[in-house]
Amino acid sequence: MPPQRDTRRRKKVSNDLLRRVDLVSIRLDLETLFQFSHLVMTFKTFRPAAMLVERSRDFGKTWKVFRYFAQNCDLAFPHISEGHADEIGDVVCDSRYSDMEPSSEGEVVLKALDPSFDIDDPYDAYIQDIITITNLRINFTKLHTFGDTLGNGWQSEQQEKYYYAIYEMIVRGNCFCNGHASQCIPVDSMRGDVFNEPGMVHGKCVCQHNTDGLNCEKCKEFYNDAPWSPAVGFENNACKKCNCNDHSDKCHYDMLVDQANNGASGGVCEDCQHNTKGNQCELCKQYFYHDPLKDISDPDTCIPCDCDPNGSEDNGICEAKTNHRLGIIAGTCVCKEYVEGIRVISVNLATLTWMAIILKDVNTVVATILEPCPSPSVMLLLGNVNVRAL
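Residues numbered from 1 in each chain as written. Predicted model: local features only at pLDDT ≥ 70, side-chain atom pairs only at ≥ 80, totals over all residues. Heavy atoms only, no water.

Attention now moves to the overall build of the protein. Within the protein, the secondary structure is distributed over four helices and 22 strands. The buried share among the 390 residues of the protein stands at 36%. Here the analysis covers contacts within the protein between residues at least 6 apart in sequence; of these, 58% occur between residues at least 24 apart. When the accessible area of the protein is evaluated, it comes to approximately 23,200 Å², of which 51% is carbon and sulfur surface. (Helix = DSSP H or I, 4+ residues; strand = E, 2+ residues; numbered from the N terminus. Buried < 20%, exposed > 50% of the residue type's maximum accessible area, 1.4 Å probe, protein only. Contact = heavy atoms within 4.5 Å. Areas by Shrake-Rupley, 256 points an atom, 1.4 Å probe, with all protein chains shown as cover.)

The next subject is the state of the cysteines. In a disulfide, the sulfur atoms of two cysteines are held together by a covalent bond. Under the criterion given, the structure shown has 11 disulfides. Disulfide pairing is shown between Cys-73 and Cys-93; the S-S distance is 2.1 Å. Torsion about the S-S bond of the Cys-73 and Cys-93 cystine: about -80 degrees, corresponding to left-handed handedness. With Cys-73 in helix α2 (residues 73-76) and Cys-93 in strand β4 (residues 93-94), this residue pair connects regions lying 20 residues apart in the sequence. Both residues of the pair, Cys-73 and Cys-93, belong to the buried class. Across a sulfur-sulfur distance of 2.1 Å, Cys-242 and Cys-251 are joined as a disulfide pair. Negative torsions about the S-S bond denote left-handed disulfides, and the value of about 85 degrees found for Cys-242 with Cys-251 makes this one right-handed. Among the residues examined, Cys-242 registers a relative accessible area of 5% and is labelled buried. Taking the relative accessible area as the measure of exposure, Cys-251 reaches 5% and is therefore buried. (Disulfide = S-S within 2.5 Å.)

Okay, the confidence of the model for the protein next. Taken over all residues, the pLDDT of the protein has a mean of 80, while the share at 70 or more is 75%. In this model, residues 1-20 is a region of pLDDT below 50 whose contacts with residues beyond four sequence positions or in other chains number six contacts. Contacts from residues 344-390, a stretch scored under 50 in pLDDT, to residues over four places away or in other chains number 84 contacts. (pLDDT = per-residue confidence, 0-100.)

Here we come to the pairing of strand β2 (residues 50-56). Counting buried residues in β2 gives seven out of seven residues, a clear majority hidden from the surface. The side-chain alternation of β2 yields two buried faces, one formed by Ala-50, Leu-52, Glu-54 and Ser-56 and the other by Met-51, Val-53 and Arg-55. Two strands pair when backbone bridges link them, and β2 and strand β3 (residues 64-70) are joined in this way by six bridges, in the antiparallel orientation. In the strand pairing of β3, Arg-55 is matched with Lys-64. As paired strands, β2 and strand β6 (residues 132-142) are joined by seven bridges and run antiparallel to one another. (Pairing = 2+ DSSP bridges.)

Once that is clear, we can look at the pattern of salt bridges. This structure, assessed with the given rule, holds six salt bridges. Ionic pairing is found between Lys-64 and Asp-129, a salt bridge with its closest N-O pair at 3.0 Å. Note that Lys-64 is positioned in strand β3 and Asp-129 in helix α3 (residues 125-131), a separation of 65 residues in sequence. Lys-64 sits in the partly exposed class, given a relative accessible area of 44%. Taking relative accessible area as the criterion, Asp-129 reaches 22% and is therefore assigned partly exposed. With its nearest N and O atoms 3.2 Å apart, the salt bridge here joins Asp-291 to Lys-294. (Salt bridge = Lys/Arg side-chain N within 4 Å of Asp/Glu carboxyl O.)

Moving on, we come to the environment of Thr-45. Along the polypeptide, Thr-45 turns up in the loop between β1 (24-43) and β2. Linking Thr-45 and Pro-102, residues 57 residues apart in sequence, is a C-alpha distance of 8.8 Å. Beyond its immediate sequence surroundings of up to four residues, Thr-45 is in contact with Ser-103, Ser-104, Tyr-163, Tyr-164 and Ala-165. A distance of 3.2 Å separates a polar atom in the side chain of Thr-45 from the backbone oxygen of Tyr-163. (Polar contact = N/O pair within 3.5 Å; in protein donor to acceptor, adjacent residues only side chain to side chain.)

Of note, the bond from Glu-101 into Pro-102 is cis; its omega dihedral lies within 30 degrees of zero at -5 degrees. Mapping Pro-102 onto the fold places it in the loop between β4 and β5 (106-111). With phi around 55 degrees, Asn-245 is a residue other than glycine that occupies positive phi space. As for its placement among the helices and strands, Asn-245 is situated in the loop between β11 (218-219) and β12 (251-253).

A separate point is the packing of aromatic side chains. On inspection of all chains with the given rule, the structure shows five aromatic pairs. Their ring planes at 65 degrees and their centres at 6.2 Å tell us that Phe-69 and Tyr-97 sit as a pair that is edge-to-face. Of the two residues, Phe-69 is situated in strand β3 and Tyr-97 in the loop between β4 and β5; the sequence distance between them amounts to 28 residues. Exposure class is identical for Phe-69 and Tyr-97. Each is buried. Residues Phe-140 and Tyr-164 carry aromatic rings whose centres are separated by 4.7 Å and whose planes lie at 40 degrees to one another, so their mutual orientation is tilted. On the criterion of sequence distance, the pair formed by Phe-140 in strand β6 and Tyr-164 in the loop between β6 and β7 (166-175) is long-range, its members being 24 residues apart. In this structure Phe-140 comes out as buried when scored by relative accessible area, which is 1%. (Phe/Tyr/Trp six-rings, centres within 6.5 Å; stacked < 30°, edge-to-face > 60°.)

This next bit is on a nonpolar patch on the surface. On the surface, Ile-166, Met-169 and Val-171 cluster together into a nonpolar patch covering about 180 Å² of accessible area. Here Met-169 is to be found in strand β7. (Patch = residues over 30% accessible without salt bridge, like charges linked within 9 Å, V, L, I, M, F, W, Y side chains within 5 Å.)

Turning our eyes to something else, we now look at the nonpolar core. Counting residues in hydrophobic clusters, the biggest one holds 27 residues, and the most contacted among them are Phe-36, Met-41, Met-51, Val-53 and Phe-66. Elements supplying a minimum of two residues to this core: β1, β2, β3, β5, α3 and β6. A per-element tally of this core places β1 first, with five residues. Apart from the residues lying within four places of it in its own chain, the contact partners of Met-41 are Ile-26, Met-51, Gly-106, Glu-107, Val-108, Ile-138, Phe-140, Ile-166, Glu-168 and Met-169. Counting eight residues, the second-largest nonpolar core is a separate cluster that includes Ala-50, Leu-52, Val-65 and Phe-77. (Core = buried A, V, L, I, M, F, W, Y, C linked by side-chain atoms within 4.5 Å.)

Now the structure itself:
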């Protein structure tokens, strides 16, 4: 009696498991985002009576169905259209790969993109959402049987002949590099020899065209003078180096700047050094002016203004750049009203006295005048420097 009870228990457990054998999943987890081309599965036993293939682009967090397969689509997957897709990306049920014949070496084929559709832009966001994957999942949902499993439970020991068996599963694709690489390497080289099998496709792109990232999806640092774009056909759409006149090694792309420059340059330099400023660090900061004897890329090109803060505007500001057309000389102080001079002029309004210190150069004092302010019509002329009184 005890042995018989054990046998019945074993049969019950076995039957419970076999009743759920229809539902089997195969999941393929990739290193990173890959561009999927097609799937070919060759079965040793009957092909599944019903199955579906899913894809994920976020490492298995969310899934979308690629295609349904069934001998009887209406029965296996109600509300899913059967036959040929009307548009790219339509999810349909295909009945061509689910018959009982052949009983061995039958194939199931899935192509990511139906070749009957013309695709103008392979890098269109909608197309990329279809063909780029981080995970692929094949779900078998129904076995083929000869009718001996109908009724309430399994009817005989013939149950053991029904199972899924696969000779070969081929998943084809390539590392996804937006057209900016011809070689890929392992994402993490420290993960062991299993990730360096001959012929294995890895997921980290060896980026070209001044691009960067696992999938060459962005421009390299300091190559943001033009917007990033995938390479298409013979156009490599390489990222352009910013021009910061050797005063910065950081920049970002600004569409408005690019439009203002008629598409010639959209790079904006960041953290300009050597007292420079501007989108390309091409100007001197306030209170500095460009030395006309030095190139704008010279680290000493910007010299401090030498203006008396009392007699000049904004506490000592000067002209930053020479403009011969406008008669502007770099370094000339921007004097207050009624005050003129190349370097230093100051007025003491509280005592209504003039104190003019006119310098021929930085170190030589030409004249010093200290007296009550004359009438407005009086002008003191000292050399080539005019001083107007209040």
